[in-house]
Every structure is written in structure tokens, then in C-alpha cells.
Amino acid sequence: MATVNEKQRTTGLKTSAFTKTVVRGKAAVRIMEKRKGERVFNGSDKIRNRMKSVRNIQKITKAMKMVAASKLRGVQTKTENSRGLWQPFVALLGDGFSVDVKKNVVITVSSDKGLCGGINSTSVKVSKALTRVYSGPEKETKYVVLGEKGKAQLVRDSKNRIELTISELQKNPLNYTQVAVLADDILKNVEFDALRIVFNKFHSVVSFPPTVSTILSPEIVEKESEAGGRLGDLDLYEIEGGETKSEVLQNLSEFQFSCVLFNAVLENGCSELGARMSAMDSSSKNAGEMLDRLTLTYNRTRQASITTELIEIISGASALEG
Amino acid sequence: MATAAGSSSAAVPFWRAAGMTYITYSNICASLVRGCLKEPYKSEAASREKVHFAVTKWVSGKPEKPTIRSDSPED
């Protein structure tokens, strides 16, 4: 018993008395089956079971790819139409990416479901990098996370910086009203000087780079417009009605947030479907390769055991004759 | 649009004074417009108004109980 324990410690193998009896029992069963005249292929049923399960997985991933492709077609038209919502804002106000503010809120858009490749990890990486970029004395950055996958990754090391998490967003097909209600919730619950929305922009089925859109709070826009530049041209516009410039800026800022968030959620949805398509495609391809290798091994084992049986029979027969 | 009469620049529109944001205001107006449609376009538009998501507020690193916003958007 002492030598067995030493072996366990050196090789790290867990051989218990129970497994030894089970192994001995299995060998006994195999010998008995052979005596009964049944053919036993060494380990080939194991290979056959593996092949069956790999084939099933391949069918499932192919089906998932088709589903994602069909969903993508619908969402893609919506996304391309929604791009027209924020383009006038950027033409008017510019994108305030380089504006330095005290309170940043990073809104990370991610998916609820998995099996979509690496898009959620890239979004989370970009969000974390943004936090580092905007860190400094008297500055703070908070997170608002849309989607379960982003939440799971950010909870690991930035728990204390999360303000809100939102999930179950994709239960109904995405529409503007839902995103507007969500934007309203965020505006009511979170204080911010600038909102940075991180999402995966959909360029094509294989290209969805992470992008950051910035929305400045109306007070910051006023400050920046006094400083001149693109926003300084706002004073060139005449404001109709009885509203003041700050009221107009507040309305504009809220509406801009809602539009940009709508576009971000749509683009991220598109990218998620595209990423899922390519992930499931490579998964089916891998399953096919695995199946080929398993088939070769299976045939080899089968032929080897047939040859062994033949040799036994022939040598037995020649022994009888000779 | 009922904006405040431009007498004093400190007057706010009625909906801002009631605590609504511009987004809520425009959503209410939009659903009023959708309600003016005739069938079958009305039910098609109603399907574009569905809202469902769950919000969880986090306080000092701990999530609180999530609130589900799953009603028709105006209430």
C-alpha cells in the first residue's frame, strides 16, 4: 500500500480502490462476452458515441447560424435607417470625445445571450480603457451596463463603479419607444457631465469594431460653446419661440441621447448576430474536422480488431489441421 | 407647441415643470399620433410601442432588487 501511495503522490493520479475494482469488473465482463462468442471492438463504441455527439453539435451550430442570418437581415435594415437620426446632431454639435469633464458615465452596450464570439469582451475592454483615460484628480467615472454578458465581466473588478444594470432588453423586437423609456430612466437616475456610449458598430457581417459616442450634458455644451470652435457656432442660429438657448440645449441633449442610444443598441444587436453567425460557422467547421479525424480512428480500430480476430481464427484452424 | 410666453427667460414649458424630460414628452405625443391611425396600421404601430426591460440599481457594489418596466410605455 505504501508504494501505491507514493505513486499517487508522484504522478498525481487518483487511483482509488473503488476504481480498481470497477476496472477489474469491466475486464471480466469483456472476457465473458468474448467467451460467449460476441464480437467486442476495443474502444470503438466509445468512438462511435463521440462521433454521434459531434454530429449532433454540428447540426445544432449550423441551425443557429441560419437563425442568426435570418434575424440579421431584419435588424440590418432597421439599423441603417436609424443612422439618420444622429447624423444631424453630429453635424450640428460635433462629437465631444476629447472634451474633458469631471463626471463621466460609461454606458456599455452588450448582449444578453452568449455564443456570439468576442464582441462583449471587446466592449468591456474599451470601457475599462476609457475609465483609465478619463481618470484623474477630482474626476470620477461610473458604469451603466446594458446586457447580462457585459455585467458579468464588469462585476468582477469594477463592482463599486456600477450605477445601473439593464437586462431583458431584447425580449421584444427593438423599437425606439423602449430605448426612449430606458434613456429617460438613465437620465433620471444618473448624474453626469458627459455620457460615453460604448458599442460595436456594424460595418459588415465580419467587421464590427467597438465605437464610442459622446453626449455632453447641456451645461457642458454651453461652456464649450463659449469657448468657441464648432459649438461656438451655435450662437449663429436664431432661436424661435419663447425658449432660451439653455432650454433648447437641454431638449437637444436629451433627444440626442435617446437617438444615439437607439442607434447604439441596434448596431450592437446587428454586430451580435453577425458575430454569432461567424462563431457558429467556425464551430461547425471544427466539428466537421473533428468528425473526419474520429472516422479515421474508428476505421483503423475496427480494421485492427477484425485483423486480430482473423489471425486468431486462422492460426486456430491451422493448429487443428497441422 | 405650448411654450411659455417669452416674457421671462426663467419660465419653463409645462411638461418640464411637471418633471418630464423632453423624451417622455415626445413619446407621449408619438403614441397619441399612433392612436389616430386606422386599422390595420394601428395594430402594426402598436407592436412598435412595446416596452420590456429590467433595471437594477447598484448601491456601493451591491445590486438591489430589479424593477421590471414591462408595460405599455405610457403610464
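Before reading on, note that the structure itself is shown above.
The text that follows walks through the structure, step by step, so that each part is easy to find. This is a predicted model, so every value here is computed, not measured. (Residues numbered from 1 in each chain as written. Chains lettered and ligands numbered in written order. Predicted model: local features only at pLDDT ≥ 70, side-chain atom pairs only at ≥ 80, totals over all residues. Heavy atoms only, no water.)

**Here's the deal with the pattern of salt bridges**
Residues and elements named next belong to chain A.
Then, in step 1: Under the definition given, this model contains twelve salt bridges over all chains.
Then, in step 2: Where K65 meets D281, a salt bridge forms, and the shortest distance between an N and an O atom there is 3.5 Å. Note that K65 is positioned in helix α3 (residues 44-93) and D281 in helix α8 (residues 245-321), a separation of 216 residues in sequence.
Then, in step 3: What makes K65 partly exposed here is its relative accessible area of 23%.
Then, in step 4: For D281, a relative accessible area of 28% puts it in the partly exposed group.
Then, in step 5: The partner of K103 in a salt bridge is E191, with the nearest N and O atoms 3.0 Å apart. With K103 in strand β1 (residues 103-109) and E191 in the loop between α6 (176-189) and β4 (194-200), this residue pair connects regions lying 88 residues apart in the sequence.
Then, in step 6: Overlapping salt bridges bring together K103, E140 and E191 as one network. (Salt bridge = Lys/Arg side-chain N within 4 Å of Asp/Glu carboxyl O. Helix = DSSP H or I, 4+ residues; strand = E, 2+ residues; numbered from the N terminus. Buried < 20%, exposed > 50% of the residue type's maximum accessible area, 1.4 Å probe, protein only.)

**A closer look at α3 of chain A**
Helical geometry note: an α-helix holds 3.6 residues per turn, so side chains three or four residues apart project in the same direction.
Then, in step 1: Its 50 residues give α3 of chain A an end-to-end C-alpha distance of 69 Å, which sits within 8% of 74 Å, the value for a rise of 1.5 Å per residue.
Then, in step 2: The largest bend in α3 of chain A amounts to roughly 30 degrees and is located at W86 of chain A, with the proline P88 of chain A lying one to four residues further along. (Expected span 1.5 Å × (residues − 1). Bend = angle between axes of the 7 residues up to and from the residue.)

**Regarding the interface of chain A and chain B**
Then, in step 1: With 36 residues of chain A at the contact, the number on the chain B side is 32 residues.
Then, in step 2: Buried area between chain A and chain B, summed over both chains or domains, comes out near 2,900 Å², and the portion from carbon and sulfur atoms is 52%.
Then, in step 3: Ranking the residues of chain A by area buried against chain B places T177, V181 and E254 of chain A at the top, with a combined share of 16%.
Then, in step 4: One can count one salt bridge joining chain A with chain B.
Then, in step 5: Residue E254 of chain A pairs with R16 of chain B through a salt bridge whose shortest N-O separation is 2.8 Å.
Then, in step 6: Remark: the boundary between chain A and chain B carries 13 residue pairs in polar contact (both at pLDDT 80 or more).
Then, in step 7: For the side of chain A that touches chain B, the elements supplying multiple residues, two or more each, are α5 (148-155), β3 (162-167), α6 and α8 of chain A.
Then, in step 8: It is α6 of chain A that provides the largest number of residues to the side of chain A that touches chain B, a total of twelve residues.
Then, in step 9: Split into classes, the residues belonging to the side of chain A that touches chain B amount to twelve nonpolar, 13 polar and eleven charged. (Contact = heavy atoms within 4.5 Å. Buried area = accessible area lost by both parts, 1.4 Å probe. Polar contact = N/O pair within 3.5 Å; in protein donor to acceptor, adjacent residues only side chain to side chain. Nonpolar A, V, L, I, M, F, W, Y, C, P; charged D, E, K, R; others polar.)

**Some remarks on unusual backbone geometry**
Then, in step 1: Residue P40 of chain B follows E39 of chain B across a cis peptide bond; omega there is 0 degrees.
Then, in step 2: One can find P40 of chain B in the loop between α2 (22-35) and α3 (41-47).
Then, in step 3: Unusually for a residue other than glycine, L115 of chain A sits at a positive phi of about 60 degrees.
Then, in step 4: For L115 of chain A, the position within the fold is in the loop between β1 and α4 (119-133).
Then, in step 5: On the accessibility criterion, L115 of chain A (53% relative accessible area) is exposed.
Then, in step 6: Residue E168 of chain A is not a glycine yet carries a positive backbone phi of 60 degrees.

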